[in-house]
Number of protein chains: 2
Amino acid sequence: MVQIMTTHDNDAFKPIATVDLAIFSMTPNGLSVLLARRANAPFAGVWALPGGWIHIDIDHDLETAARRVLKEKTGVEMPYLEQLQTVGNANRDPRGWSISVVYVALISSDDLAAGQGARSGEAQWWPIEGNGVDVHLAFDHALLLSDALTRIRKKVEYSTLPAHLLPSRFTLSELQSLYERLLGRKLDKSAFRKRVAEAGFLVPVEGEMRRASNRPAQVFRLKDAQSLVLFDRTL
Amino acid sequence: MVQIMTTHDNDAFKPIATVDLAIFSMTPNGLSVLLARRANAPFAGVWALPGGWIHIDIDHDLETAARRVLKEKTGVEMPYLEQLQTVGNANRDPRGWSISVVYVALISSDDLAAGQGARSGEAQWWPIEGNGVDVHLAFDHALLLSDALTRIRKKVEYSTLPAHLLPSRFTLSELQSLYERLLGRKLDKSAFRKRVAEAGFLVPVEGEMRRASNRPAQVFRLKDAQSLVLFDRTL
DNA sequence: CTAACTTAGTTGACATTTACTACTAAGTAA
DNA sequence: TTACTTAGTAGTAAATGTCAACTAAGTTAG
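Treat the numbers as computed from the prediction; the structure is a model and nothing was measured.

1. What about the pattern of salt bridges?
Residues and elements named next belong to chain A.
- Applying the stated criterion across every chain, the model contains 25 salt bridges over all chains.
- We note a salt bridge from Arg 95 to Asp 93, for which the minimum N-O separation is 2.7 Å.
- Via salt bridges that share partners, Asp 59, Arg 68 and Glu 72 belong to a single interconnected network.

Listed below in structure tokens is the structure:
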């Protein structure tokens, strides 16, 4: 969102900038982003990326502020969180110059199922269509969302990032299928297995097997909370 | 640098945040970064990354602000410029909460030679040693510099970024040698040639040859001003 | 009880790419 | 004209990715 330059000499609240979040998860409708309907002007009633002012009295740093907003909107405490970019110019807010630090967050579908999805009635999951959503967004948020999508789609190629969209326990086939959906192309089964094993970011859950009317599959979990590098590239 | 929350109701100058720049170039001492000695408190007299307040009345956007600072310090108008990250917390400035948007800039050694290097006596090129420079830096700038180095070293692997550090005309050997210095390992001559040809970001300058007491080398220039992708990855 | 079915996971042949080495090319300098 | 130096090319071996077939392990139908 956006900044108002009010009179603020010794106020506890001194508007510096906002943090905005592109929060993604896999819903029954596929990859989706959480949007919030704006309560106040400007753009009252219009959908926007969840965000809020940095509260310099309670937020120790930018990431803390982003986590606070995320917690308020979704209840989720430990998402995958990554700074995307910072936008700042004179046009993005009708009230004048404003700065927004944009974060990308990925939420496990476990957390969605636990009723943490969209907490308030004013927040809702929107399925991704192409480079955005099928609704008009406030400010420059359509652009920010498009940038966020570009980032995560690129990162699918060389990181373990998509694993954070799955439940905490999953099979290799489920993971591969997710990669394929995000990449939009089929992957080779044995190559996928091999690379995942080499990267070493998955831990088999001993004894646990996913069973259906066929050969049961080994169940895995992520080794660490944050994303590890799948190949040899970062950023 | 850093933000002071003064009384500013209808001032033209409303401090929002600062932009700080990690400006790199190849000097006779190898990869170097431009540092400025701080004139005022805090950290008066201490070396720091060049930076400055965003002037919302003259800077249309963040990148404009970064280019302005760069122009002031170096005279260079058309560098390679890329947003690195934004830092913001309560501790980085003794005066309290502050936000800085950090950019990485690469300057052609042509521009250095044209006397544009360090304009004022208070700015100076420092050679990179390991993950930083051999001098104490103000604020969290040692950390920011280290992050900037990590970014450009990673990007060497898959982008044409290093070409922006060379003069506008160069030979393949010069480019390869630069990549090798930045990567810290030898590259294969024919493989390098092949990949550069495939990426198609170099244009041979017809007729021009670099001659010494040996076979003359074809001279090249960059196809476009901004960095193209060398392989099939970005970000 | 057994055969058919489905998905998990493995194996191996072939194609493509990369790594390494040696070669030829084109100038200068003695 | 020969030695020297760096530019640029060529060819082979090793590594890696691609593709397709195969075996494994369960459920379900008859």
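Back to the write-up after that little detour.
2. Here's the deal with the packing of helix α4 (residues 172-183) of chain A against helix α5 (residues 189-199) of chain A
Residues and elements named next belong to chain A.
- Orientation of α4 relative to α5, taken along the N-to-C sense of each, is 105 degrees, at an axis distance of 11 Å. Comparing the axis directions of α4 and α5 gives the class roughly perpendicular. Residues Leu 172, Leu 175, Gln 176 and Tyr 179 of α4 touch α5, and the partners they reach there are Lys 189, Phe 192, Arg 193 and Val 196.
- Classifying every residue of the contact of α4 with α5 gives 5 nonpolar, 1 polar and 2 charged.

3. What about the packing of aromatic side chains?
All names here are of chain A.
- Applying the stated criterion across every chain, the model contains 6 aromatic pairs over all chains.
- Ring geometry for Tyr 179 versus Phe 192: centroids 5.3 Å apart, planes at 70 degrees, classification edge-to-face. Of this pair, Tyr 179 sits in helix α4 while Phe 192 sits in helix α5, and the two are 13 residues apart along the sequence.
- By relative accessible area, Tyr 179 is classed as buried at 3%.

4. A few points about the pairing of strand β2 (residues 30-37) of chain B
Residues and elements named next belong to chain B.
- Judged by how many residues are buried, β2 sits mostly within the fold: 7 of 8 residues are covered.
- The pairing of strand β1 (residues 18-27) with β2 spans 4 bridges and is classified as antiparallel. Residue pairing for β2: Ser 25 is matched across the bridge by Ser 32.
- Remark: 2 residues form the turn of the hairpin made by β1 and β2, two consecutive strands paired antiparallel.
- Inspection of the sheet shows β2 paired to strand β7 (residues 123-127) by 5 bridges, in the antiparallel sense. Paired with Ala 36 across the bridge in β7 is Ala 123.

5. Topic: the protein's contact with DNA strand C
- In the vicinity of DNA strand C, 17 residues are found, and the nearest of them are Ser 173, Lys 189, Arg 193, Asn 214 and Gln 218 of chain A.
- Counted by atom, the contact set of DNA strand C within 4 Å of the protein is 63% sugar and phosphate.
- One nitrogen or oxygen atom from the side chain of Lys 189 of chain A is found 2.6 Å from a base nitrogen belonging to DNA strand C.
- Contact distances for DNA strand C include 2.9 Å between a phosphate oxygen and a backbone N or O atom of Gln 218 of chain A.
- Taken together, the elements giving at least two residues each to the surface near DNA strand C come down to α5 and β10 (214-222) of chain A together with β9 (202-212) and β10 (214-222) of chain B.
- No other element matches β10 of chain A, which puts 5 residues into the surface near DNA strand C.
- Its residues assigned to classes, the surface near DNA strand C shows 4 nonpolar, 7 polar and 6 charged.

6. Focus: α4 of chain A
All names here are of chain A.
- Its 12 residues give α4 an end-to-end C-alpha distance of 16 Å, which sits within 8% of 16 Å, the value for a rise of 1.5 Å per residue.
- All buried positions along α4 are accounted for by Leu 172, Leu 175, Gln 176, Leu 178, Tyr 179, Glu 180 and Leu 182.
- Gly 184, located one to two residues past α4, shows a positive phi value of around 75 degrees.

Rules and cut-offs
All residue numbers refer to positions counted from 1 along the written sequence of the respective chain. Working convention: letters from A go to chains and numbers from 1 go to ligands, in the order in which they are written. Only residues with pLDDT of at least 70 get local features here, since the model is predicted, and only at 80 or more are side-chain atom pairs given and counted; chain-wide, interface and lining totals rely on the full set of residues. Each side-chain value is worked out from all heavy atoms of the structure, with water and hydrogens disregarded. Put simply, a salt bridge is a Lys or Arg side-chain nitrogen that is within 4 Å of an Asp or Glu carboxyl oxygen. Here, axes are lines fitted to C-alpha atoms. For helices the fit covers the stretch in contact, and angles between N-to-C directions go from 0 to 180 degrees. Starting at the N terminus, helices and strands are each numbered in turn, a helix being any DSSP run of H or I of at least four residues and a strand any DSSP run of E of at least two. When describing relative orientation, an angle under 35 degrees is termed roughly parallel and one over 145 degrees roughly antiparallel, while 65 to 115 degrees is termed roughly perpendicular and anything else oblique. Working rule for contacts: check all heavy atoms of both residues, and any pair within 4.5 Å makes them a contact. We call Asp, Glu, Lys and Arg charged. Ala, Val, Leu, Ile, Met, Phe, Trp, Tyr, Cys and Pro are nonpolar, and the rest, Gly among them, are polar. Stacked, tilted and edge-to-face pairs are distinguished by plane angle, under 30 degrees for stacked and over 60 for edge-to-face with tilted covering the rest, among Phe, Tyr and Trp rings (Trp via its six-membered ring) whose centres lie within 6.5 Å. For every residue, the accessible area (1.4 Å probe, protein chains only) is compared with the maximum for its type, and the residue is labelled buried under 20%, exposed over 50%, or partly exposed between those bounds. By definition, two strands form a pair when at least two bridges between them are found by DSSP. Any residue with a heavy atom lying within 4 Å of a molecule or strand is counted as near it. Pairs of N or O atoms are called polar contacts if they sit within 3.5 Å, as long as, within protein, a hydrogen donor faces a hydrogen acceptor (for residues adjacent in sequence, only side-chain-to-side-chain pairs). Given the number of residues in a helix, its expected span is that number minus one, multiplied by 1.5 Å.

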